[in-house]
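Read off the chains here:
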Amino acid sequence: MRRPARFVLQLLIFPPLIAAVAGWIVAPWFLHPVQRSLTPELIQQADIAFSQHHTHREEFDVRASDGSILRGWKVRSAKPTGDWVLLFHGVADNRMGVLEHALVLLNAGYDVVLMDARAHGASDGAMATYGWLERNDTRAIVDSLEATEHPRHLFALGESMGAGIALQSAGVEPRIEAVVAEASFANLREASYDYAGLRRYPWLGKTLFAPGTWTMIYRAGSLANLPPSDVSPEKAVAARAFPVLLICDAADVALPCRHTQRIYGAARGPKQMWIVPGAFHTAALGYEPVEFRSRVLGFYDSVREGHF
């Protein structure tokens, strides 16, 4: 065999083979992301922030349907309207990841719930399932919240993984009236293309490194006993018509705007999309704080006033 032909053959065989092995190896890590501990220092930081906004946190622990204890906080606005927002953080983070978003909402009169997702922060849970089990966790959280607080309106806001969980939760939980979702993944397979493509070249994840995405998704589904194709915010917005404000960060290489665009295209309910120039992953509030507040609060106000 001539040397150029041998080289082409090696290129076609070895990278996909290595990718397949790598996908099989990383699948357990995908289900068990690194945990960011909720340290005393972080709690003190939150207490200072809440006190500056004339409010304080209350412990809010909820038992999920599988027995896992989900831990978080309820925080009431200094000037409450009776409306609540559930906040969902990103992967390998905890409730502190949405603290600044909570402060925006508290200032506007919304009460908030900040929970650590299962297998994150201080919450129990054997593994993270990116919405498959978490959507049922949300139902338990809403049940517990309604038993004590009786929200007038209930909304959700999520970042990255939390955005995907918020959308999938609203897809099966009609008590969530509307969702703000920044940098959500469209579905697990589409997200795997970006990670397999080293967050720069998703076309590699769809072509040369595709076996890595296949083995990772297959093994993760087997280990978690879930159907990977159904872990899909894209399907959730098509299943139930609820209002969504979808935010994508133009410089995001972790979950590029094509994910948000797919979700937007699938959504059956009233929908808005905001592309934030120059912002990297989940950085809309940092890059455009004034417009973030205006768009998010205006969106929730429109839903409350029945303009959708």
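Up top you'll find the structure we're talking about.
Since the structure is predicted, the reported quantities are computational estimates derived from the model, not experimental observations.

A. View of the sheet that holds strand 6 (residues 178-182). Ordered by their spatial adjacency, eight strands build an open sheet running 1-2-4-3-5-6-7-8, and the pairing between neighbours is mixed. Two strands bound the open sheet, and with one partner strand each, they are strand 1 (57-63) and strand 8 (271-276). For this sheet, the mean angle separating the axes of adjacent strands, direction not counted, is 20°. Where strand 6 meets strand 7 (residues 244-249), four bridges bridge the pair, whose relative direction is parallel. Across the sheet, residue alanine 181 finds its bridge partner in strand 7, namely leucine 246.

B. A look at helix 3 (residues 99-107). By the criterion of burial, helix 3 is predominantly enclosed, with seven of the nine residues buried. When helix 3 is considered as a whole, its buried residues turn out to be Leu99, His101, Ala102, Leu103, Val104, Leu105 and Leu106. Just past helix 3, the residue glycine 109 takes up positive phi, approximately 95°.

C. A look at the packing of helix 2 (residues 40-52) against helix 3. The N-to-C vectors of helix 2 and helix 3 enclose an angle of 15°; their axes lie 11 Å apart at closest approach. Comparing their axes, helix 3 and helix 2 come out roughly parallel. As helix 2 runs across helix 3, the sense of the crossing is right-handed. Where helix 2 approaches helix 3, its residues Gln45, Ala46, Ala49 and Phe50 are matched on the opposing element by Leu99, Leu103 and Leu106.

D. Structural detail: the nonpolar core. Counting residues in each nonpolar core, the largest one holds 48 residues, and the members touching the most others are Leu86, Val113, Tyr130, Ile141, Leu167 and Val179. Among the elements that take part in this core, helix 5 (residues 161-172) stands out by supplying six residues, more than any other. What leucine 86 contacts, discounting residues up to four positions off in sequence, is Val113, Thr138, Ile141, Val142, Leu145, Leu154, Phe155, Ala156, Leu157 and Ile176. Grouped together as the second largest cluster of nonpolar side chains are 38 residues, Trp73, Leu103, Tyr110 and Ile247 included.

E. Representation of the side chain of aspartate 111. Structurally, aspartate 111 can be placed in strand 4 (residues 111-115). Arginine 76 provides the closest opposite charge to the buried, salt-bridge-free aspartate 111, at an N-O distance of 5.6 Å. Polar contacts involving the side chain of aspartate 111 include one to the main-chain amide nitrogen of serine 77, which spans 2.7 Å. When residues no more than four places from it in sequence are discounted, the contact partners of aspartate 111 are Val75, Arg76, Ser77, Pro80, Asp83, Trp84, Val85 and Leu106.

F. View of the packing of aromatic side chains. As enumerated under the stated definition, the model contains eight aromatic pairs in all. Here tyrosine 110 and tyrosine 300 contribute two aromatic rings whose centre-to-centre distance is 5.7 Å and whose plane-to-plane angle is 55°, an arrangement assigned as tilted. Highlighted residues: tyrosine 110 in the loop between helix 3 and strand 4 and tyrosine 300 in helix 12 (residues 289-304), separated in sequence by 190 residues. Assigned by exposure class, tyrosine 110 and tyrosine 300 land together as buried.

G. Seen up close, the pairing of strand 1. The pairing of strand 1 with strand 2 (residues 69-75) spans seven bridges and is antiparallel. The residue bridging glutamate 59 from the neighbouring strand is tryptophan 73, located in strand 2. Here strand 1 hands over to strand 2 after five residues, with glycine 67 in that stretch at a positive phi of 95°.

H. Representation of the environment of serine 184 within the structure. Locating serine 184 in the fold gives a position in the loop between strand 6 and helix 6 (188-196). You can call serine 184 buried: its relative accessible area is 2%. Not counting residues within four places of it along the chain, the set of residues in contact with serine 184 comprises Ser160, Ala163, Gly164, Leu167, Pro233, Leu255, His259, Thr260 and Ile263. Here the side chain of serine 184 touches glycine 164 through a polar contact of 3.5 Å, landing on its backbone nitrogen.

Rules used in this analysis
- Residues numbered from 1 in each chain as written.
- Predicted model: local features only at pLDDT ≥ 70, side-chain atom pairs only at ≥ 80, totals over all residues.
- Heavy atoms only, no water.
- Pairing = 2+ DSSP bridges.
- Helix = DSSP H or I, 4+ residues; strand = E, 2+ residues; numbered from the N terminus.
- Axes fitted to C-alpha atoms, helices over the stretch in contact; angles between N-to-C directions.
- Buried < 20%, exposed > 50% of the residue type's maximum accessible area, 1.4 Å probe, protein only.
- Parallel < 35°, antiparallel > 145°, perpendicular 65-115°, else oblique.
- Left-handed = near helix turned anticlockwise from the far one by under 90°.
- Contact = heavy atoms within 4.5 Å.
- Core = buried A, V, L, I, M, F, W, Y, C linked by side-chain atoms within 4.5 Å.
- Lys, Arg positive; Asp, Glu negative; His and termini not counted.
- Salt bridge = Lys/Arg side-chain N within 4 Å of Asp/Glu carboxyl O.
- Polar contact = N/O pair within 3.5 Å; in protein donor to acceptor, adjacent residues only side chain to side chain.
- Phe/Tyr/Trp six-rings, centres within 6.5 Å; stacked < 30°, edge-to-face > 60°.

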